[in-house]
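Here is what each chain is made of, one letter per residue.
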Amino acid sequence: LLDGASKIRVFFTLILPMAKAPISTLAILTYITAWNDYFWPLLVTTKSTMRTVQVGVAQLVAGDVVDYSQILASAMIAIIPTVVAYIFGQDYIIKGMTAGGVKG
């Protein structure tokens, strides 16, 4: 503000670049949490076509005979988006986790 910059410019040139790693970490972890959500989609959806992947994997367990190959194959397909999100955001997650731990 002393150099004649407005509050918006200060936000975009100073605050946002310093908060890039924590914001990215929060976004990635929120995505992973929402993707792995089980109970809320189970309560809200009424049709089986509207249910999420995690609810579908859990419904494969029902019955006397459990086909583990089908359950494990569907679980592997279900974790692919979370692994990809973590791989692409790994640097931001590490920077976001360690940003508050640096002393000095």
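Predicted model, so just to flag it, every value in this text is computed and none were measured.

(A) Spatial organisation of helix 5 (residues 68-98). For helix 5, with 31 residues, the first-to-last C-alpha span of 39 Å runs short of the 45 Å given by 1.5 Å per residue. Along its length, helix 5 shows its largest kink, about 65°, at Gly89. Looking only at helix 5, the buried set comprises Ile71, Ser74, Ala78, Thr82, Ala85, Gly89, Ile93 and Gly96.

(B) Region of the structure containing a nonpolar patch on the surface. A surface patch of nonpolar side chains, about 660 Å² in accessible area, is lined by Ile8, Phe11, Phe12, Leu14, Ile15, Leu16 and Ile23. Sort the elements by how many residues they give to the nonpolar patch and helix 1 (residues 7-18) lands first, with six residues.

(C) Seen up close, the side chain of Gln54. Assignment of secondary structure puts Gln54 in helix 4 (residues 53-59). A distance of 3.3 Å separates a polar atom in the side chain of Gln54 from the backbone oxygen of Trp35. Excluding residues that lie within four positions of it along the chain, Gln54 makes contacts with Trp35, Asn36, Asp37, Tyr38 and Ala78.

(D) Representation of the side chain of Thr25. Mapped onto the elements, Thr25 comes out in helix 2 (residues 20-35). Judged by relative accessible area, Thr25 falls into the buried class, the value being 7%. Among the polar contacts made by the side chain of Thr25, one reaches the main-chain carbonyl oxygen of Ala21 at a distance of 2.8 Å. Look past the residues within four positions of Thr25 in its chain and what remains in contact with it is Tyr92, Ile93, Gly96 and Met97.

Cut-offs used in this document
Residues numbered from 1 in each chain as written. Predicted model: local features only at pLDDT ≥ 70, side-chain atom pairs only at ≥ 80, totals over all residues. Heavy atoms only, no water. Helix = DSSP H or I, 4+ residues; strand = E, 2+ residues; numbered from the N terminus. Expected span 1.5 Å × (residues − 1). Bend = angle between axes of the 7 residues up to and from the residue. Buried < 20%, exposed > 50% of the residue type's maximum accessible area, 1.4 Å probe, protein only. Patch = residues over 30% accessible without salt bridge, like charges linked within 9 Å, V, L, I, M, F, W, Y side chains within 5 Å. Areas by Shrake-Rupley, 256 points an atom, 1.4 Å probe, with all protein chains shown as cover. Salt bridge = Lys/Arg side-chain N within 4 Å of Asp/Glu carboxyl O. Polar contact = N/O pair within 3.5 Å; in protein donor to acceptor, adjacent residues only side chain to side chain. Contact = heavy atoms within 4.5 Å.

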